[in-house]
Amino acid sequence: MDPDRPDPGAPLEALPHRPPFRFVDEVLEVSPGERIEAARVFRPTEDFFRGHFPGDPLVPGVLLVECMAQAAGLAEADPGGARLARIEGARFLRPVRPGDRVVVSMRRAARFGPVVRYEGECRVEGSLVAEGTVTLRTGPGEAG
Amino acid sequence: MRSDLEDKVRDTIVRSLRLKKKPEELEADAPLFGGSLGLDSIDALELVLAIEREYGVRIQDDGVGREALRCVRGLVAFLEPRVGTDGPRPA
């Protein structure tokens with residue numbers, strides 16, 4: 001699926017992010033408020049590959065965290081858009097290269113009031129490439 | 001006079017929320033959240049998880065839970081019938 005032209009009927013529309021800063025382009029499975037599995041293909045034409053790094057293109061780890069956060073936000077399906085408030089335990093285990101399809105799996109670990117915490121991981125062809133925990137504030141907020 | 005439980009609760013609050021205060025400097029009745037400590041809803045989740053981890057007690061997201069998180073005294077009053085005045089026993 002081309003992330004620049006998402007299916008208007010897909011739950012992706014619940015995400016406030018838009019290209020070029022949408023880092024989920026397919027929802028594979030979702031149990032709202034509990035867990036989600038989503039995917040993002042990092043196309044060789046992504047602009048950041050030109051600088052990260054010249055001659056050695058590599059998806060920045062922070063963008064894998066963004067994948068995790070956006071997937072978690074989709075699982076919450078908050079109409080106002082859940083905002084990233086905290087990142088913990090992020091680990092980047094293998095390089096993600098142009099053309100790789102990242103499958104991100106997140107599950108809700110905790111909730112209190114408007115704040116939710118999801119933990120999860122990113123895989124490429126079954127191999128673990130990153131893991132981490134993201135905390136999101138749902139409803140109106142300033143972080144993010 | 002403070003109970004052992006209150007001392008432990010103060011320690012839990014300061015440690016889990018990384019406050020730049022000594023446990024004994026927390027005012028028993030001062031609001032934990034939205035007051036001078038500068039704590040917000042993210043910190044509330046952190047404290048809820050710390051209480052669950054250290055005392056084995058879950059604070060629900062309801063009126064009772066919110067009252068428990070109002071101040072040090074509220075948290076002690078909430079925990080006391082659940083863990084006793086000495087606080088949790090070592091596992």
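Here the structure is a predicted model, which is why all the values come from computation and not from measurement. Residue numbers run consecutively from 1 along every chain, following the written order of its sequence. In the order they appear in the text, chains get letters beginning with A and ligands get numbers beginning with 1. It should be noted that, the model being predicted, local features are given only for residues of pLDDT at least 70 and side-chain atom pairs only at 80 or more, the latter also being counted only at that level, while totals for whole chains, interfaces and linings use all residues. Remark: hydrogens and water are excluded; side-chain values derive from all non-hydrogen atoms of the structure.

Draft legend 1. Main features of the overall build of chain B. Looking only at helices and strands, one finds four helices and zero strands in chain B. Helix and strand assignments come from DSSP, with helices taken as H or I runs of at least 4 residues and strands as E runs of at least 2, each series counted from the N terminus. For chain B, the N- to C-terminal ordering of α and β elements is α-α-α-α. It is over C-alpha atoms that the radius of gyration is taken, and the globule rule equals 2.2 Å times the number of residues to the power 0.38. Its C-alpha atoms give chain B a radius of gyration of 12 Å, near enough to 12 Å, the size a compact globule of 91 residues would have. Taken along the three principal axes of its C-alpha coordinates, chain B extends 30 × 30 × 20 Å. Of the roughly 5,200 Å² that chain B leaves accessible, carbon and sulfur atoms contribute 47%. Shrake-Rupley sampling with a 1.4 Å probe provides the accessible areas, and residues are treated as covered by the protein chains on show and by no other component.

Draft legend 2. Structural view of the interface of chain A and chain B. Between two residues, a contact is recorded if the distance between any of their heavy atoms is within 4.5 Å. At the interface, twelve residues of chain A touch 13 residues of chain B. Buried area is a sum: the accessible area each of two parts loses on coming together, probed at 1.4 Å, counted once for each and added. Note on chain A versus chain B: buried area summed over both sides is about 1,000 Å², and carbon and sulfur give 64% of it. Take a side-chain nitrogen of Lys or Arg and a carboxyl oxygen of Asp or Glu: if they are within 4 Å of each other, that pair is a salt bridge. Along the contact surface separating chain A from chain B lie four salt bridges. Among the salt bridges present, the one from Arg86 of chain A reaches Asp43 of chain B, with a minimum N-O distance of 3.7 Å. Polar contact is defined as a pair of N or O atoms within 3.5 Å, subject to the rule that within protein one atom must be able to donate a hydrogen and the other to accept it, and that residues adjacent in sequence are counted only when both atoms are side-chain atoms. Connecting chain A to chain B are five residue pairs in polar contact (both at pLDDT 80 or more). Mapped onto the side of chain A that touches chain B, the elements with two or more residues apiece are strand S3 (83–92), strand S4 (101–112), strand S5 (115–124) and strand S6 (127–137) of chain A. Ten residue types, Ala, Val, Leu, Ile, Met, Phe, Trp, Tyr, Cys and Pro, are classed as nonpolar, four, Asp, Glu, Lys and Arg, as charged, and the remainder, Gly among them, as polar. Grouping the amino acids of the side of chain A that touches chain B by side-chain chemistry returns five nonpolar, two polar and five charged.

Draft legend 3. Broad picture of the packing of helix H2 (residues 41–55) of chain B against helix H4 (residues 72–83) of chain B. Residues and elements named next belong to chain B. All axes are obtained by fitting lines to C-alpha atoms, using only the stretch in contact for helices, and the reported angles, taken between N-to-C directions, cover 0 to 180 degrees. Where H2 meets H4, the closest approach of the two axes is 13 Å, and the angle between their N-to-C directions is 25°. As far as their axial angle goes, H4 and H2 are roughly parallel. Crossing of H2 against H4: the hand is right-handed. The segment H2 lies against H4, with Leu47, Ile51 and Tyr55 engaging Leu75, Leu79 and Val83. Of the residues contributing to the contact of H2 with H4, the split by class is six nonpolar, no polar and no charged. Between 65 and 115 degrees an angle is taken as roughly perpendicular, under 35 as roughly parallel, over 145 as roughly antiparallel, and anywhere else as oblique. Here a crossing is called left-handed whenever its near helix is offset anticlockwise from the far helix by less than a right angle, and right-handed whenever the offset is clockwise.

Draft legend 4. Spotlight on the sheet that holds S3 of chain A. Residue and element names in this part refer to chain A. Here a strand pair is declared whenever DSSP counts at least two bridges between the two strands. Strand order in the open sheet made by the six strands is S1-S2-S4-S5-S6-S3, with antiparallel pairing throughout. With partners counted over all chains shown, the strands left at the sheet margins are strand S1 (26–31) and S3, one partner each. Sheet twist, expressed as the mean angle between neighbouring strand axes with direction ignored, is 20°. Here strand S2 (residues 35–41) pairs with S4 via seven bridges, running antiparallel. Within S4, the residue paired with Ala39 across the bridge is Val103. Strands S1, S2, S3, S4, S5 and S6 of the sheet are contacted by helix H1 (residues 61–76), whose axis makes an angle of about 55° with S6.

Draft legend 5. Up close: helix H1 (residues 4–16) of chain B. Residues and elements named next belong to chain B. Under the convention used throughout, the expected extent of a helix is 1.5 Å for every residue step, that is, one less than its residue count. Taking 1.5 Å per residue as the helical rise, H1 with its 13 residues ought to reach 18 Å, and the 18 Å between its terminal C-alpha atoms agrees with that figure. A simple rule labels every residue: compare its accessible area, found with a 1.4 Å probe on the protein chains alone, to the largest value its type can have, and call it buried under 20%, exposed over 50%, or partly exposed in between. Buried residues of H1: Leu5, Glu6, Val9, Arg10, Thr12, Ile13, Val14 and Ser16, and no others. A positive phi of about 50° marks Arg18, the residue just after H1.

Draft legend 6. Structural view of the pattern of salt bridges. The full count for this structure, using the stated rule, is 25 salt bridges over all chains. The residue Arg66 of chain B makes a salt bridge to Asp61 of chain B at a minimum N-O spacing of 3.0 Å. Salt bridges here are not isolated pairs; linked through shared partners, they connect Arg86, Glu88 and Arg117 of chain A together with Asp43 and Glu46 of chain B.

Draft legend 7. Just unusual backbone geometry, in detail. Cis geometry is found at the peptide bond from Pro19 of chain A to Pro20 of chain A, where omega equals 10°. Tracing the backbone through its elements, the reader meets Pro20 of chain A in the segment before S1. Between His52 of chain A and the following residue, Phe53 of chain A, the backbone shows a cis peptide bond with an omega angle of 0°. The backbone of Glu125 of chain A shows a phi angle near 50°, a positive value even though the residue is not glycine. Relative to the helices and strands, Glu125 of chain A resides in the loop between S5 and S6. In this structure, Arg18 of chain B takes a positive phi of about 50° despite not being glycine. By the secondary structure assignment, Arg18 of chain B is in the loop between H1 and H2.

These results come straight from atomic positions and should not be treated as a statement about function.
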